[in-house]
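So the chains spell out like this:
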Amino acid sequence: MEKENAIQKKVIFSGIQPSGQLTIGNYLGALKNWVKLQDEYECFYCIVDMHAITVKQEPKELRQRTLEVLAIYIAAGIDPEKNTLFIQSHVPQHAEGAWLLNCNTYMGELSRMTQFKDKSQRYGQNINVGLFDYPVLMASDILIYQADLVPVGHDQKQHLELTRDIAERFNSAYSPTFKVPDPYIAKVGAKIMDLQEPTKKMSKSSDNPNSYILMMDPPEVIRKKISRAVTDSIGVVNYTDDQPGIKNLIDILSTIKGTTSEEVVKTYEGIGYAQFKKDVGEAIVEELAPVQDKVKELVADKKYLESVYKAGAEKASYIANKTVRKMKKKIGFIQQ
Ligand code: AQP
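Residues numbered from 1 in each chain as written. Predicted model: local features only at pLDDT ≥ 70, side-chain atom pairs only at ≥ 80, totals over all residues. Heavy atoms only, no water.

As recorded by an unreviewed UniProt entry, the protein carries the name Tryptophan--tRNA ligase and is attributed to Clostridium grantii DSM 8605. UniProt, in the comment section headed Function (unreviewed entry), describes the protein in these words: "Catalyzes the attachment of tryptophan to tRNA(Trp)." Its UniProt record gives the protein a comment under Subcellular location (unreviewed entry), which states: "Cytoplasm". (UniProt positions renumbered as here; feature names shortened; annotations may be inferred.)

Structure representation (structure tokens):
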């Protein structure tokens with residue numbers, strides 16, 4: 001019976017790039033939601049190291065960070081027994097699928113991607129083909145698992161649209177091969193903004209460490225970064241676009257506490273920014289403390305992490321291979 005249910009569950013695919021240490025943006029915007037999905041859905045949670053190398057990475061740091069991200073997934077509550085946790089480069093079907101999809105994707109489509117435009121401006125010295133092709137690898141990540149749903153932030157919506165277009169094109173050029181995935185819009189989970197420029201998304205690859213809070217930042221660093229967060233001179237804790245810094249801190253607090261922005265505003269009626277910031281800092285410290293302890297424990301247990309990523313890759317590869325074989329057959333390749 002349990003097996004039957006598992007087969008009928010809808011499939012979810014998502015991943016995070018080990019392109020820097022994870023921020024509370026990754027935690028509150030992605031990981032905390034992923035935990036809530038693990039009972040209802042068949043989830044594939046990947047560490048997308050092949051995406052990370054579209055921007056230069058220091059090999060030693062990439063290795064360490066990839067394992068740390070796996071430890072963070074588990075410490076945040078993603079159960080390796082219930083979900084498939086794996087490292088993208090361990091499942092070669094991602095790259096193989098991407099090549100097959102490349103030949104069904106147009107240069108014009110990829111040129112319109114805003115992430116490519118942004119990143120090629122930011123990394124002008126290294127506008128590599130991978131950076132351009134990133135959305136096709138992402139399409140492969142999703143389609144080879146026949147994912148029904150993909151939890152995406154606002155900035156990834158355009159890529160998911162392209163994935164849908166590529167899937168539909170392949171399905172009509174050959175015959176139905178892929179499920180056309182839908183975006184999964186989380187009921188809660190805010191977009192966390194940069195602490196110094198609160199109209200920009202908080203990003204792990206920002207050059208300014210005061211702009212983000214890392215999941216592994218020590219308590220005193222968290223408190224200091226929040227106390228330095230940019231606010232305004234209005235002096236009233238209100239949830240409005242005219243006060244993007246305060247709005248962001250309200251989002252952080254309400255997401256951690258599981259309350260609404262209105263409730264936070266009500267609590268801080270007549271209370272100044274100093275006390276509000278102190279409470280936000282404390283809430284983050286408290287939320288992250290048990291996760292940080294668990295991450296430290298897991299990172300020290302390399303054997304356990306290895307057992308998780310090996311089992312994950314084996315399962316992922318078995319499923320992905322079914323789709324890739326189908327793709328190759330339809331394209332006209334001779335079956336081995
Ligand atoms: N600031 C954020 N608020 C809410 N959600 C966020 N996510 C990232 N930043 C925020 C969510 O985390 C997941 C994976 O992100 P990613 O690391 O694969 O890529 P990204 O979205 O490009 O994140 P960064 O930190 O900005 O990475 P870099 O700096 O390397 O490009 C996604 O679900 C995303 O929505």
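Student: Help me out: how do you make sense of the domain arrangement of the protein in this one?
Tutor: A common way to report how large an interface is uses the accessible area buried once the components associate. Assigned domains of the protein: these are domain 1 (2–184 + 301–331) and domain 2 (209–296). The straight-line distance from the C-alpha centre of domain 1 to that of domain 2 is 30 Å. In this complex, domain 1 contributes 13 residues to the contact, which on the side of domain 2 involves 14 residues. Carbon and sulfur atoms make up 78% of the area that domain 1 and domain 2 hide from each other, which totals about 1,200 Å². Looking at the side of domain 1 facing domain 2, the largest losses of area belong to Ile24, Tyr27 and Leu28, adding up to 41% of the total buried there. The tally of links between domain 1 and domain 2 comes to one salt bridge. (Domains from an automatic or database assignment. Contact = heavy atoms within 4.5 Å. Buried area = accessible area lost by both parts, 1.4 Å probe. Salt bridge = Lys/Arg side-chain N within 4 Å of Asp/Glu carboxyl O.)

Student: Sorry if this is basic, but what is going on with the pairing of strand β2 (residues 42–47) here?
Tutor: Regular strands place side chains that alternate from one sheet face to the opposite one. Of all the six residues making up β2, six are buried; the element is thus mostly covered by neighbouring parts of the structure. Sheet topology note: the strand β1 (residues 11–16)/β2 ladder contains six bridges and is parallel. By the bridge assignment for β2, Val11 is matched with Glu42. Read as a crossover between parallel neighbours, the route from β1 over helix α2 (residues 24–37) to β2 is right-handed. As judged from the four bridges shared by β2 and strand β3 (residues 84–87), these two strands associate in the parallel manner. In the strand pairing of β3, Phe44 is matched with Thr84. (Buried < 20%, exposed > 50% of the residue type's maximum accessible area, 1.4 Å probe, protein only. Helix = DSSP H or I, 4+ residues; strand = E, 2+ residues; numbered from the N terminus. Pairing = 2+ DSSP bridges. Right-handed = clockwise from strand over helix to strand, strands pointing away.)

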